[in-house]
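In case you want the letters, here they are:
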Amino acid sequence: MKIVVYGICKNEASFADRWMDSMGEADKVVVLDTGSEDGTAEKLKKRGAVVAEERIVPWRFDTARNRSLELVDEDADICVCTDLDEVFVPGWRNRLEKAWSQGTTRVSYRYTWSFLSDGREGVVFWIDKIHSRKGYRWSHPVHEVLEWTGEMGQEKIAAAEGIQLNHFPDPSKSRGQYLELLELSVKESPEDDRNMHYLGREYLYRGRWDECIAVLKRHLAMPAAVWKDERAASMRYIARAYAQKGERQEARNWYLRAIAQAPYLREPYLDLAFLLYEEQQWDGVLYFTGCALEIKERPRTYISEAASWGSLPYDLRGLAYYYTGRLEQGLALAREALSREPGNERLKKNVKLMEQKAGSREK
C-alpha cells in the first residue's frame, strides 16, 4: 500500500524537522511551498520531501490544497493531508492500514486542535483529511473542505481508531485574511450553510455584534442548515452578541433556544449558566450546570469546546453553592475544578478561601 503525505507551507522552517520526523512513516512526502522566505523549502528538500514552489495569487486555500494534491503520485493508494504545524503520534501508518479496507475512500481520526497552557488537551474533535488519490477535490477559499466528486462510485468513510494528530500552531500568525476569504466564500456559494455559520462566528470574534446576529440568523433560515449541533452553536453566538449589546433577556432567550435545539450538548447549558452567574442568579446556575454534568459523553465534532469538559461546570456550580451558603458542597466542587486545571491561580484562591472559611466554622 503506497501512502503519500501532502501539504502546503509558507515560512515554517521552525516546524520542518519535527513535521518530517512525524510524517516519516509514509512512503513519500510532497509539499507545495507558496512563497517561503525563511528557507522552509530548502530544509524540507534536505529531509527528503519533494517540494514545488508556486505563489498562489489571489490567495485561496482550496487552490493551494488542490495544487499540492496534484503533486501526489497517480499510483498512490492513500493521500494524507497535514500542515507543518501538525504532528502524528507514532504508529499512525499501521493503524491507517488496518482501518483501510476494500472500497474505503476516506478515514476519520482523532485531532487535538489546541492544548491548554499546562499541556493538557483543549479542543478535540475528529477530522477526515486522509483519502483516496481519486475522487476528491478541495473547495472554498478558506475553511476549505474535501469534496467527493463521485469519480469512483460511492464514498466510503471508515473510522481509524488510534490515529492521533496533534496541532501546535504558530501564535504569531495572523487571522487577518480569514474574514475577507470567508466573505468571498459566502459570495461564491451563498447556499453553503457551513461557511455562512463560520462568517457569523468570525464577526463575533471581531466584535461586530450586529453583523454576527444578522448573518447567523440567515444561517438558521437556510434549508441546508439542518445539523443541530451547528444550529445550536449559531444560536449561542447570537446570544453572546446580544449580551455584548446589553440585551441580556434576548441573550437568555437565544440560549434557551440553543438548549432546545441540541439538549445533548454541554455548551448551551454552560453558556446560560455563565450568563446567570454574572447576574448572581444562583439557582439558575445550579440547575443548568447540573444539566450539563449529566452529559457524560464528549461529542467527536469541532462544536465541543474544551471549557465545557474542563473545570468550568464544576467552578460555576461550586461558586453557586458557596454563594447560597452551602460551603461544604461548594468546596468539594471547587477542589474538583482545581483538579482539572491545577495551574489556575483563581481556582487555587477559591479553594483556599473556602478551606479557610470551613476551618473557621469548625473552630
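Presented here is an overview of the structure given in this document.

Scoring rules and cut-offs
- Residues numbered from 1 in each chain as written.
- Predicted model: local features only at pLDDT ≥ 70, side-chain atom pairs only at ≥ 80, totals over all residues.
- Heavy atoms only, no water.
- Axes fitted to C-alpha atoms, helices over the stretch in contact; angles between N-to-C directions.
- Helix = DSSP H or I, 4+ residues; strand = E, 2+ residues; numbered from the N terminus.
- Parallel < 35°, antiparallel > 145°, perpendicular 65-115°, else oblique.
- Left-handed = near helix turned anticlockwise from the far one by under 90°.
- Contact = heavy atoms within 4.5 Å.
- Nonpolar A, V, L, I, M, F, W, Y, C, P; charged D, E, K, R; others polar.
- Pairing = 2+ DSSP bridges.
- 1 Å grid on protein atoms, 1.4 Å probe; cavity = no way out; pocket = protein on both sides within 12 Å on 5 of 7 lines; lining within 4 Å.
- Points joined across faces, edges and corners; volume = space filled by probe spheres on them.
- Expected span 1.5 Å × (residues − 1).
- Buried < 20%, exposed > 50% of the residue type's maximum accessible area, 1.4 Å probe, protein only.
- Polar contact = N/O pair within 3.5 Å; in protein donor to acceptor, adjacent residues only side chain to side chain.

1. Section: the packing of helix α6 (residues 193-205) against helix α7 (residues 209-221)
Next, step 1: Between α6 and α7, whose axes approach to 8 Å, the crossing angle comes to 165°. As far as their axial angle goes, α7 and α6 are roughly antiparallel. In terms of crossing hand, the pair formed by α6 and α7 is left-handed. Counted together, Asp193, Met196, His197, Leu199, Gly200, Arg201, Tyr203 and Leu204 of α6 and Trp209, Glu211, Cys212, Val215, Leu216, Arg218 and His219 of α7 form the full contact between these two elements.
Next, step 2: Residue classes in the contact of α6 with α7 are distributed as 8 nonpolar, 3 polar and 4 charged.

2. Let's talk about the sheet that holds strand β10 (residues 157-167)
Next, step 1: Strand order across the open sheet formed by 8 strands is β3-β2-β1-β4-β7-β6-β10-β5, with mixed pairing between neighbours. Bordering the open sheet on either side are β3 (50-53) and β5 (86-88), each of which pairs with just one other strand. Along the sheet, successive strands turn relative to each other by an average axial angle of 30°, direction set aside.
Next, step 2: In this structure, β5 lies alongside β10, joined through 3 bridges in antiparallel fashion. Within the sheet, the bridge partner assigned to Glu86 lies in β10 and is His167.
Next, step 3: Of the strands in this sheet, β1 (3-9), β2 (28-33), β4 (78-81) and β7 (124-132) touch helix α3 (residues 61-70), which is tilted by about 145° from β1.

3. Let's talk about the layout of surface pockets
Next, step 1: The space that makes up the second largest pocket amounts to roughly 270 Å³.
Next, step 2: Residue lining of the second largest pocket: 16 residues in total, with Arg240, Tyr255, Asp271, Phe274 and Glu278 positioned closest to the centre.
Next, step 3: The set of elements that each furnish at least two residues to the lining of the second largest pocket consists of α8 (228-244), α9 (248-261) and α10 (266-278).
Next, step 4: Broken down by element, the lining of the second largest pocket gets its largest block of residues, 5 residues, from α10.

4. Things to note about the packing of α9 against α10
Next, step 1: Across the interface, α9 lies against α10 with an axial gap of 8 Å and an inter-helix angle of 155°. Between α9 and α10, the interaxial angle falls into the category roughly antiparallel. In terms of crossing hand, the pair formed by α9 and α10 is left-handed. Residues Arg248, Ala251, Arg252, Tyr255, Leu256, Ala258 and Ile259 of α9 form the contact with α10, whose participating residues are Pro268, Tyr269, Asp271, Leu272, Leu275, Leu276 and Glu278.

5. Quick look at α8
At 3.6 residues per turn, the α-helix brings residues three or four places apart onto the same side.
Next, step 1: With 17 residues, α8 ought to run about 24 Å at 1.5 Å a step, and its terminal C-alpha atoms sit 24 Å apart, in line with that.
Next, step 2: Of all 17 residues making up α8, 13 are buried, and the element is well covered by its neighbours.
Next, step 3: Where α8 ends, the next residue or the one after it, Gly246, has phi of about 85°, a positive value.

6. Considering the environment of Gln164
Next, step 1: Mapping Gln164 onto the fold places it in strand β10.
Next, step 2: You can call Gln164 buried: its relative accessible area is 12%.
Next, step 3: Separated by 20 residues in sequence, Gln164 and Glu144 place their C-alpha atoms 21 Å apart.
Next, step 4: The contacts of Gln164, once residues within four sequence positions are left out, are Val87, Phe88, Val89, Arg110, Tyr111, Thr112 and Glu121.
Next, step 5: At 2.8 Å, the side chain of Gln164 and the side chain of Arg110 are in polar contact.

7. Describing helix α11 (residues 282-293)
Next, step 1: Between the first and last C-alpha of α11 there are 16 Å, a value that for 12 residues agrees with the 16 Å anticipated at 1.5 Å per step.
Next, step 2: Among the 12 residues that make up α11, 10 are buried, leaving the element largely enclosed by the rest of the structure.
Next, step 3: Among all positions of α11, only Trp282, Gly284, Val285, Leu286, Phe288, Thr289, Gly290, Cys291, Ala292 and Leu293 are buried.

Keep in mind that these numbers describe shape and distance, not what the molecule does.
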